[in-house]
Amino acid sequence: MRVATVAGRLSLVRDGRVTDVEKASDGLFGHDPQAVYERWSEFRAWAATATLTPDADLDAPVLDVSLLGPPTPAPRQVFAVGLNYADHAAETGFALAETEPPIFTKFPSCVTGPYGTVALPPGGHTDWEVELVVVIGKAAHHISPEDALDHVAGYTVGQDLSERTLQLASAPPQFSLGKSFPGFAPMGPWLVTLDELADPLDLGLECLVNGETVQSARTSAQIFPVRELLARLSRTVTLLPGDVVFTGTPAGVALGRDPQCWLRPGDRLTSRIEGIGEMEQVFA
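Quick look at the structure, then.

Observations regarding the environment of Ala148
Checked against the element boundaries, Ala148 lands in the loop between strand E10 (130-136) and strand E11 (152-159). Remark: the alpha-carbon pair of Ala148 and Pro182, spanning 34 residues in sequence, is separated by 31 Å.

Digging into the nonpolar core
The biggest cluster of nonpolar side chains holds 80 residues, and the ones touching the most others in it are Leu12, Trp40, Phe43, Trp46, Tyr155 and Leu230. For this core, the leading source of residues is E10, giving six residues. With residues near it in sequence (within four places) discarded, Leu230 still touches Val134, Ile136, Ile143, Ala148, Val152, Leu239 and Val245.

A closer look at the sheet that holds strand E18 (residues 277-283)
Strand order in the open sheet made by the five strands is E8-E18-E17-E14-E15, with mixed pairing throughout. Bordering the open sheet on either side are strand E8 (115-118) and strand E15 (212-218), each of which pairs with just one other strand. The mean inter-strand angle of the sheet, taken between neighbouring strand axes irrespective of direction, is 15 degrees. For strand E14 (residues 204-209) and E15, the ladder comprises six bridges, and the chain directions are antiparallel. In the sheet register, Cys207 faces E15, and the bridge partner there is Gln215.

Thoughts on unusual backbone geometry
Between Ala171 and the following residue, Pro172, the backbone shows a cis peptide bond with an omega angle of 0 degrees. When you line up the elements, Pro172 lands in the loop between helix H4 (164-167) and helix H5 (175-178). Geometrically, the link from Asp258 to Pro259 is a cis peptide bond, its omega value of 5 degrees lying close to zero. You can see Pro259 is positioned in the loop between strand E16 (244-246) and strand E17 (268-273). With a phi angle near 55 degrees, Asp26 is a residue other than glycine that sits in the positive phi range. Summarising the element assignment, Asp26 is placed in the loop between helix H1 (21-24) and helix H2 (40-49). Positive phi is not limited to glycine here, since Asn210 has a value of about 55 degrees.

What about the pairing of E18?
Across four bridges, the pairing between E8 and E18 is parallel. Looking at E18, one finds that Val118 is bridged to Phe283. In this sheet, E18 lies alongside E17 in antiparallel orientation, the contact comprising six bridges. Note that in E18 the partner of Ser271 across the bridge is Met279. Turn length for the E17-E18 hairpin, with the two strands adjacent in sequence and antiparallel, is three residues, and the turn residue Gly275 shows positive phi of about 80 degrees.

Quick word on the pattern of salt bridges
The full count for this structure, using the stated rule, is 21 salt bridges. The closest approach of N and O atoms between Arg2 and Glu196, which form a salt bridge, is 3.2 Å. Here Glu196 lies in the loop between strand E13 (185-192) and E14 and Arg2 lies in strand E1 (residues 2-6), a separation of 194 residues in the sequence. Classification of Arg2 by relative accessible area gives partly exposed; the value is 22%. Here Glu196 falls in the partly exposed class, since its relative accessible area comes to 37%. Ionic contacts of the salt-bridge type, sharing partners, join the residues Lys106, Asp127, Glu129, Asp160, Arg164 and Lys179 into one network.

Quick word on the packing of aromatic side chains
Counted under the stated rule, the structure contains seven aromatic pairs. A network of ring pairs unites the aromatic residues Phe29, Tyr37, Trp40, Phe43 and Trp46 as a single cluster. Over the ring of Phe246 we find Lys106, and its NZ or CZ is 5.9 Å from the ring centre.

A short note on the side chain of Thr249
Topologically, Thr249 is positioned in the loop between E16 and E17. The class for Thr249 is buried, based on a relative accessible area of 2%. Separated by 2.8 Å, the side chain of Thr249 and the backbone oxygen of Val130 make a polar contact. Reaching out from Thr249, the side chain makes a polar contact with the side chain of Gln215 at a distance of 2.8 Å. When sequence neighbours within four positions are dropped, the list of residues in contact with Thr249 reads Tyr85, His88, Glu129, Val130, Glu131 and Gln215.

About the criteria used
- Residues numbered from 1 in each chain as written.
- Predicted model: local features only at pLDDT ≥ 70, side-chain atom pairs only at ≥ 80, totals over all residues.
- Heavy atoms only, no water.
- Helix = DSSP H or I, 4+ residues; strand = E, 2+ residues; numbered from the N terminus.
- Core = buried A, V, L, I, M, F, W, Y, C linked by side-chain atoms within 4.5 Å.
- Buried < 20%, exposed > 50% of the residue type's maximum accessible area, 1.4 Å probe, protein only.
- Contact = heavy atoms within 4.5 Å.
- Pairing = 2+ DSSP bridges.
- Axes fitted to C-alpha atoms, helices over the stretch in contact; angles between N-to-C directions.
- Salt bridge = Lys/Arg side-chain N within 4 Å of Asp/Glu carboxyl O.
- Phe/Tyr/Trp six-rings, centres within 6.5 Å; stacked < 30°, edge-to-face > 60°.
- Lys NZ or Arg CZ within 6 Å of the ring centre and 35° of its normal.
- Polar contact = N/O pair within 3.5 Å; in protein donor to acceptor, adjacent residues only side chain to side chain.

Spelled out as structure tokens, the structure:
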């Protein structure tokens, strides 16, 4: 199942065709994409047996990607994991986290859709970080790694865009502020449920700048896999339906390059994950 926000409305996408959920369910589920996560089990049961009729107002042979918004447009909590790939820790010069993953937040106001234009902060050094993003479908507190995936609605593609000047301006670094400018958490193109993936713990992810591959890795290289991340987070906080977790980025970011090469006006950033899809941002 692929769950999307299309023209601001909760939708299902199948073979590039769009079904408006509120219309298809005769009002059983509303149009708000964020609200569906509070009823995720009920929604999945309905979708498994529903007759999905393409929306006459939105349907086309090829989905207009400009209509896509983030699959979770208003999460209450946005968690992010730092240094979750050993090669990324090495390239940035930070110490490798071996016992506990470093956790920070991206403020929800920076969430945006999978396609569009992002303004570069004046005087800053803006960097890319492609990441697998987990969307919570069932509240989780003190869960075990073995049960963790039962609390996941699905996965989506994310970019943890980072303005390094502000992020590194103080000691300790201002991770959350430097990563929360408007548009700095693009997600999409949709949410994919885990049953569509051959192995939800081993997915290829890739990032390109102007068509050149700058990051390429597999999520199986994560130091703390998704199961472990969710279990550890839930020891402290309650993960709520519709929350998102950015699970870390592999090597290849601008910060770790010699010479460093930051995003510039006109640059086109493509992010893709195997079995999920891709998204693209242009910078101005």
